[in-house]
Amino acid sequence: MGVKRGTAERRRGQLALIGVIVLASTLIALLSAYSLQPKIAYERGHLQAAQLVHLARACMATGSCNDAKLEELVGRLCQLNQTYPIRMYNISEKRVLNPDPSGLTVTNATVFRIKTLQTEFTNNPEEVRIIVTTASEPTGRRYSKRVGDRVYTMVEVKVTYTHSYSSPFFNVTLCPSLRTTDGVADLKRLGKCDWLVGAPLELSQPADINVPPGLGVKGYRYDLKDEFGIAVPVLFRG
Amino acid sequence: MRHLEAAAIGLVFAIASAYMVALTARQGAGVSGVGAQRALAWALLNAQSPENVTRLVSIALNGTNYEVHVLNWGEPLEPKLPFCYGAALVNATTNEVKVVAVCAGP
């Protein structure tokens, strides 16, 4: 009698267990078939700042970058922003700062003021700043170089060339490579951003140089190009 | 009967494991999206041409499921993967514009 009751209880227990397992399997199978629709917050910041850096460089590469040209490029970007997933910030201000020749150093700068998420709380637009600096330092050495049937007087100049990009998302300094446009100049990389340039005097343009600052001195300017197509002015005295 | 129970429990365990793996893989998509954004930003900072961007993005996203599209102005973006970031490459001298889009997903 006792054995019979024990067997019946065990069977009920087993049936209950199988019922639980079947129910669990059904639920899990149903959940597996359900496709998730996750909410995605697109990360913004690095790419948008890099996009503005690229735009400023493209403007500088034209050789005559001014506020109007930059405005035109930003307008084109805003058009593309409506079609493609560029997710650009609202740009409240863009400025091209004219080359500031102080001595033998030339600085080109572009500044964008953007409205980021932080601006919503602080009411202060944040800045993306692109600064391109060329510092020339003549070594005093001159030498002759024959190219074809012409002989050039080469002026040796140590050049430090840097691109500095600052933004709320990154601060980067690049040392782009340089190239000559006429195949006459000599170029040797001394360090990351340091170059030894032999500039042909006959192919250089006369330029005013402020050395020391405030005192105009007649000098020369010879242009190289960087890897982004931006003119790199190498300055030296006559 | 015990064999049947063991088999049923094993089956439930296998289905649950497979479901968890699928769930984890799907949630990983968000991480890929963030990677794509930064990879494209880095490539853009070092970019001279769309080919250059494409090469740098493929270096940065090695091991991630992604696709790169290089489009002309007006050409529609038709990605297979869901999370896309785009950048415009402008040559202001020749007025040429290319759009590079990187899409990532599970």
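Just above sits the structure.
Remember, it's a predicted structure, so these values are computed and weren't measured experimentally. Per chain, residues are indexed from 1 in the order of the written sequence. Each chain takes a letter, starting from A, and each ligand takes a number, starting from 1, following the order in which they are written. Note on the predicted model: pLDDT of at least 70 is required for a residue's local features to be given, and 80 or more for side-chain atom pairs to be given and counted; whole-chain, interface and lining totals, by contrast, use all residues.

J.: Explain the overall build of chain A to me, please; I cannot follow it from the model alone.
T.: Runs of H or I in DSSP of at least four residues are treated as helices and runs of E of at least two as strands, each being numbered from the N terminus. Secondary structure summary: chain A contains four helices and eleven strands in total. Only C-alpha atoms enter the radius of gyration; for comparison, a globular chain is expected to reach 2.2 Å times N to the power 0.38, where N is the number of residues. In summary, chain A has a C-alpha radius of gyration of 33 Å against a globular reference of 18 Å for 238 residues, an excess of more than 25%. With the C-alpha coordinates aligned to their principal axes, the bounding extent of chain A is approximately 120 × 40 × 30 Å. Here the C-beta atoms are placed from the backbone, and a residue counts as buried if at least 20 other C-beta atoms lie within 10 Å of its own, exposed if 12 or fewer do, and partly exposed otherwise. A buried classification covers 27% of the 238 residues belonging to chain A. Residue pairs qualify as contacts under a 7 Å threshold applied to their C-beta atoms, which are placed from the backbone. Intrachain contacts of chain A at a sequence separation of at least 6 include 50% that bridge at least 24 residues.

J.: Whenever I open this one, helix H2 (residues 46–61) of chain A confuses me. Can you help?
T.: Because an α-helix packs 3.6 residues into every turn, residues spaced three or four apart end up facing the same way. Here H2(A) is 16 residues long and its end C-alpha atoms lie 22 Å apart, about the 22 Å a rise of 1.5 Å per residue gives. By the criterion of burial, H2(A) is predominantly enclosed, with 15 of the 16 residues buried. Given a helix with a known number of residues, its expected span is that number minus one, times 1.5 Å.

J.: How should the interface of chain B and chain A be read in this particular structure?
T.: Size of an interface: often given as the accessible area lost when the parts come together. Each partner contributes to the interface: chain B provides 38 residues, whereas chain A provides 36 residues. With 20 residues, the top contributor of residues to the side of chain B that touches chain A is helix H1 (residues 2–45) of chain B. Grouping the constituent residues of the side of chain B that touches chain A by class yields 27 nonpolar, eight polar and three charged. Amino acids are sorted into nonpolar (Ala, Val, Leu, Ile, Met, Phe, Trp, Tyr, Cys and Pro), charged (Asp, Glu, Lys and Arg) and polar (every other residue, Gly among them).

J.: Please clarify how the sheet that holds strand E3 (residues 96–104) of chain B should be interpreted in this entry.
T.: Hydrogen bonds between backbone groups are what pair the strands of a sheet, and the pairing can be parallel or antiparallel. Residues and elements named next belong to chain B. In this description, strands pair whenever DSSP reports at least two bridges between them. Overall, antiparallel pairing links the three strands, which are arranged E1-E3-E2 in an open sheet. Each end of this open sheet is capped by a strand with a single partner; those strands are strand E1 (66–72) and strand E2 (83–91). Averaged over all adjacent pairs, the angle separating strand axes in this sheet is 20°, with direction ignored. Both E2 and E3 contribute to a ladder of nine bridges, which runs antiparallel. Following the sheet pairing, Val90 is matched in E3 by Val97. The axes used here are C-alpha line fits, helices contributing only the stretch in contact, and every angle between their N-to-C directions lies in the interval 0 to 180 degrees.

J.: Would you mind going over the pairing of E3(B) with me for this structure?
T.: It is a general feature of regular strands that their side chains alternate between the two faces of the sheet. All names here are of chain B. Judged by how many residues are buried, E3 sits mostly within the fold: seven of nine residues are covered. Inspection of the sheet shows E1 paired to E3 by seven bridges, in the antiparallel sense. Each residue of the ladder has a partner; that of Leu71, found in E3, is Val99.

J.: Please explain the nonpolar core as it appears in this structure.
T.: The nonpolar side chains of soluble globular proteins are, as a tendency, buried together. Counting residues in each nonpolar core, the largest one holds 72 residues, and the members touching the most others are A:Val234, B:Leu40 and B:Val102. At ten residues, the largest contribution of residues to this core is made by H2(A). Not counting residues within four places of it along the chain, the set of residues in contact with B:Leu40 comprises A:Leu47, B:Val57, B:Tyr85, B:Ala87 and B:Val102. What makes a nonpolar core is a set of buried Ala, Val, Leu, Ile, Met, Phe, Trp, Tyr and Cys residues, with links drawn between C-beta atoms within 7 Å.

J.: Would you take a moment to explain the packing of H2(A) against helix H3 (residues 67–83) of chain A for this structure?
T.: Packed helices, taken two at a time, are described by their axes: the angle between them and the distance between them. Residues and elements named next belong to chain A. At a minimum axis separation of 10 Å, H2 and H3 run at an interaxial angle of 135°. Considering their axes alone, H2 and H3 lie oblique with respect to each other. The two elements H2 and H3 cross, and the hand of that crossing is right-handed. Residues Leu55, Ala58 and Cys59 of H2 lie in contact with H3, whose contacting residues are Lys69, Leu70, Leu73, Val74 and Leu77. Residues of the contact of H2 with H3, tallied by class, amount to seven nonpolar, no polar and one charged. Should an angle fall under 35 degrees it is called roughly parallel, over 145 degrees roughly antiparallel, and 65 to 115 degrees roughly perpendicular, with every other angle called oblique. Should the near helix be turned counterclockwise from the far one by less than a right angle, the crossing is left-handed, whereas a clockwise turn marks it as right-handed.

J.: Sorry if this is basic, but what is going on with the environment of A:Ser35 here?
T.: Tracing the backbone through its elements, the reader meets A:Ser35 in the loop between helix H1 (2–33) and H2. For the pair A:Ser35 and A:Leu15, spaced 20 residues apart in sequence, the C-alpha separation works out to 32 Å.

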